[in-house]
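Structural overview for review
Single-letter residue listing:
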Amino acid sequence: MAGSRLERFGTVFTRVRDLIRSGVIKPKEKPLWYDVYKTFPPKRAPLHVKPVTSPFAKKQGIVPEIFYSEDKIRTGFYEQYGRGLRALDLSKSNFVSTCQRFVDKYRELKSHGMLDNSSLFEETAKALLKEGIILRRRGAPPNKSESRDPVLDLKLIDMLAEQQSAGTDTTKTTEDKNS
Amino acid sequence: MGYGCCSFLHKHITTSVYFTAFWELQLRSRSLLTFHGSASMAVRALTRGLLGFRYSRAATVASPCGGHHYVTAPSVKPPQPQADDVTEKILNQPLEKPDFFRVAELFSLKDLFDARVHLGHKKGCRHRLMEPYLYGCRLDHDIIDLDQTMEHLQLALNFTAHIAYRGGIILFVSRRRQFGHLVETTAKDCGEYAHTRYWQGGLLTNANIQYGPGVRLPDLIIFLSTLNNVFQQHVGIRDAAKMNIPTVGVVDSNCNPSLVTYPVPGNDDTPAAVELYCRLFKMTINRAKDRRKQMELLHGLSAPTSQTS
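Residues numbered from 1 in each chain as written. Chains lettered and ligands numbered in written order. Predicted model: local features only at pLDDT ≥ 70, side-chain atom pairs only at ≥ 80, totals over all residues. Heavy atoms only, no water.

Named according to an unreviewed UniProt entry, chain B is Small ribosomal subunit protein uS2m originating from Oreochromis aureus. Annotation of chain B in UniProt includes, under Sequence similarities (unreviewed entry), the sentence "Belongs to the universal ribosomal protein uS2 family." According to its UniProt record, chain B has this under Function (unreviewed entry): "Required for mitoribosome formation and stability, and mitochondrial translation." (UniProt positions renumbered as here; feature names shortened; annotations may be inferred.)

The name given to chain A in an unreviewed UniProt entry is Small ribosomal subunit protein mS23, with the source organism recorded as Oreochromis aureus. Turning to chain A, the UniProt annotation filed under Sequence similarities (unreviewed entry) states: "Belongs to the mitochondrion-specific ribosomal protein mS23 family."

On a plain count of helices and strands, chain B comes out with 9 helices and 9 strands. The burial tally for chain B puts 56% of its 309 residues in the buried class. Restricting to contacts in chain B with at least 6 residues of sequence separation, those with at least 24 account for 67%. For chain B, the accessible surface area stands at approximately 13300 Å², while carbon and sulfur atoms represent 57% of it. (Helix = DSSP H or I, 4+ residues; strand = E, 2+ residues; numbered from the N terminus. Buried < 20%, exposed > 50% of the residue type's maximum accessible area, 1.4 Å probe, protein only. Contact = heavy atoms within 4.5 Å. Areas by Shrake-Rupley, 256 points an atom, 1.4 Å probe, with all protein chains shown as cover.)

Moving on, we get to the domain arrangement of chain A. Segmenting chain A into domains produces domain 1 (1-48) and domain 2 (69-131). Each of domain 1 of chain A and domain 2 of chain A was reduced to a C-alpha centroid, and the two centroids are 58 Å apart. (Domains from an automatic or database assignment.)

Let us look at the pattern of salt bridges. Opposite charge on two side chains permits them to pair, given that their charged atoms come into close proximity. For the structure shown, the criterion picks out 28 salt bridges over all chains. Here Arg-101 of chain A makes a salt bridge to Glu-131 of chain A, at a shortest N to O gap of 3.1 Å. On the criterion of sequence distance, the pair formed by Arg-101 of chain A in helix H4 (residues 98-112) and Glu-131 of chain A in helix H5 (residues 117-131) is long-range, its members being 30 residues apart. Here Lys-126 of chain A and Glu-123 of chain A are joined by a salt bridge, their closest N and O atoms 3.5 Å apart. Here Lys-126 of chain A pairs with Glu-123 of chain A, and both are found in helix H5, just 3 residues apart, close to one helical turn. A relative accessible area of 47% means that Lys-126 of chain A is categorised as partly exposed. A relative accessible area of 26% means that Glu-123 of chain A is categorised as partly exposed. One salt-bridge network, in which partners are shared between bridges, spans Glu-7 and Arg-8 of chain A together with Lys-242 of chain B. (Salt bridge = Lys/Arg side-chain N within 4 Å of Asp/Glu carboxyl O.)

If you look at the interface, chain A gives 39 residues, while chain B gives 49 residues. Taking both partners together, chain A and chain B bury about 3700 Å²; carbon and sulfur atoms supply 61% of that area. Counting across the chain A and chain B interface gives 5 salt bridges. Glu-65 of chain A is paired through a salt bridge with Lys-123 of chain B; the nearest N and O atoms lie 3.9 Å apart. Counting across the chain A and chain B interface gives 13 residue pairs in polar contact (both at pLDDT 80 or more). Among the elements of the structure, helix H1 (12-22), helix H2 (34-39) and helix H3 (71-81) of chain A are those that each provide at least two residues to the side of chain A that touches chain B. Among the elements that make up the side of chain A that touches chain B, the one with the highest residue count is H2 of chain A (4 residues). (Buried area = accessible area lost by both parts, 1.4 Å probe. Polar contact = N/O pair within 3.5 Å; in protein donor to acceptor, adjacent residues only side chain to side chain.)

All names here are of chain B. With respect to the helices, strands and loops of the structure, Asp-252 is situated in the loop between strand E8 (247-251) and strand E9 (262-265). Buried within the structure, Asp-252 lacks any salt-bridge partner; its nearest side chain of opposite charge belongs to Arg-176, at an N-O separation of 6.5 Å. Here His-121 takes part through its side chain, which lies 2.9 Å from a polar atom of the side chain of Asp-252. If sequence neighbours within four positions are ignored, Asp-252 has contacts with Leu-119, Gly-120, His-121, Met-130, Ile-144, Gly-266, Asn-267, Asp-268 and Asp-269. (Lys, Arg positive; Asp, Glu negative; His and termini not counted.)

A few words on the packing of aromatic side chains. With the rule as written, the count across this model stands at 15 aromatic pairs over all chains. Here Phe-13 of chain A and Tyr-34 of chain A contribute two aromatic rings whose centre-to-centre distance is 5.1 Å and whose plane-to-plane angle is 25°, an arrangement assigned as stacked. Remark: Tyr-34 of chain A occurs in helix H2 and Phe-13 of chain A occurs in helix H1; sequence separation between them is 21 residues. In this structure, Phe-13 of chain A and Tyr-34 of chain A share a single accessibility class: buried. Where Tyr-37 of chain A meets Tyr-262 of chain B, the ring centres are 6.0 Å apart and the plane angle is 65°; that geometry is what we call edge-to-face. Pair noted here: Tyr-37 of chain A is in helix H2 and Tyr-262 of chain B is in strand E9, and the two residues belong to different chains. As far as burial versus exposure is concerned, Tyr-37 of chain A and Tyr-262 of chain B are alike and both buried. Joined through ring pairs, the aromatic side chains of Phe-13, Trp-33, Tyr-34 and Tyr-37 of chain A together with Phe-159 and Tyr-262 of chain B make up one cluster. Over the ring of Tyr-165 of chain B we find Arg-292 of chain B; its NZ or CZ atom is 5.5 Å from the centre of that ring. (Phe/Tyr/Trp six-rings, centres within 6.5 Å; stacked < 30°, edge-to-face > 60°. Lys NZ or Arg CZ within 6 Å of the ring centre and 35° of its normal.)

All names here are of chain B. Positive phi values are uncommon outside glycine, yet Phe-231 reaches one of about 60°. When you line up the elements, Phe-231 lands in the loop between strand E7 (220-223) and helix H8 (235-242). The phi dihedral of Asn-244 falls on the positive side, at around 55°, and the residue is not glycine. Positionally, Asn-244 belongs in the loop between H8 and E8.

What follows is about the sheet that holds strand E3 (residues 134-138) of chain B. Residues and elements named next belong to chain B. In spatial order, the strands read E2-E4-E3; together these 3 strands make up an open sheet with antiparallel pairing. The outermost strands of the open sheet, each flanked by one partner alone, are strand E2 (119-122) and E3. With strand direction ignored, the average angle separating the axes of adjacent strands in the sheet is 25°. The pairing of E3 with strand E4 (residues 141-144) spans 4 bridges and is classified as antiparallel. Within E4, the residue paired with Gly-136 across the bridge is Ile-143. (Pairing = 2+ DSSP bridges. Axes fitted to C-alpha atoms, helices over the stretch in contact; angles between N-to-C directions.)

Once that is clear, we can look at helix H9 (residues 271-298) of chain B. With 28 residues, H9 of chain B ought to run about 40 Å at 1.5 Å a step, and its terminal C-alpha atoms sit 40 Å apart, in line with that. In the stretch just after H9 of chain B, Gly-300 of chain B is the one whose phi turns positive, near 70°. (Expected span 1.5 Å × (residues − 1).)

This next bit is on the environment of Phe-13 of chain A. Residue and element names in this part refer to chain A. Exposure remark for Phe-13: the relative accessible area of 12% places this residue in the buried category. Put simply, Phe-13 and Asp-35 are 22 residues apart on the chain and 10.0 Å apart in space, counted from C-alpha to C-alpha. Dropping the residues within four chain positions of it, Phe-13 is found in contact with Trp-33, Tyr-34, Tyr-37 and Lys-38.

This is how it looks when you write it as structure tokens:
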């Protein structure tokens, strides 16, 4: 079967078409896909594109950065409250994260219109607190009112000192017993 | 059901159903009457005996319709003239409609989004030729434009369906080890071929010497990932372009789409996305083959008992 192995010149289709036209490939030998390609060509002809070697030819392509207007609110939230207490569950498509709830509440309060931007942040935090979401400020000391297990406050040195003093007492008693 | 799992490590033909792809191609009979790729062992032996291993295009009784070469034994003469006209009609009828196999209804934009097809790689990995297919860049993460993906995927699936309808051989290629088994089972389920192992240099370009003279090469190669394991373009893309074989390929934001005939811009790393592609290709190919059987029955071509060819 005649063919043309020049993948850098023209497309698969143009090469086969020209081979048929010139008679190298007989019409009854034409490939299976030829008619299908002719009827449904791709959006872009699959021409080989030479790789750009010179560094000067690198132009910045036009791939826009994606930003939304809510991003300003999100940056404010993450700066103040860190990563948020609840982890994001990306497997659910309808999952609403703490940040998203904050953003929704912010926009709701803004649409009511009364407050200005500086106090809007505080108001949103308070509103979320009412709904039961606790937001802990980034870098703030941990809340003392949380109950800590008293065992955790014991220091190892004190424990060892206790044990040693208890140990000396028991040895004294055993020595007395033995002797 | 005929399928081939091409592995260069297993060159022996065992009695199990694993054949190397191109050995199967030599034996696969594509007669007018039996559309199924599979033939019984007895028939295979018969064709082998009749043809003597030499399946070369010059030697076949060439029927002048659509470039098909039917492996007909010299002694059997099917009713040629009427069958040819009908076959021509069967082959050309689907080309009249824009979406004869209705592949557009197999997927929706939401399906693509849920399968995370829109997620590309980071900005640093971006290939310059993929820039037209990107929607944008969100905090250095490339996002692929799903509207364009929809159109490209529709074209690719339509092309695949037409090739399968015409009895073309389709080869699934992917060098991602994570999805090797999935790709092989997909190929098996639609009765086509897969190659997910090391691609030897002369597989397509030196096929006549590596596999014997007169091997039939694939009519379409589908790449589930166009990169190999060292992030270079898969050799198969260049080789297919050399051998004038059209390709369909899923191109991620770090791939080069220029030589792929029908590129489909989309994520090729997430399991959900690859499963979606495999499912879509399998459904289109099966749909096209079923449609072909229907059309043949409709035009009274295929007899209920298959004639040996």
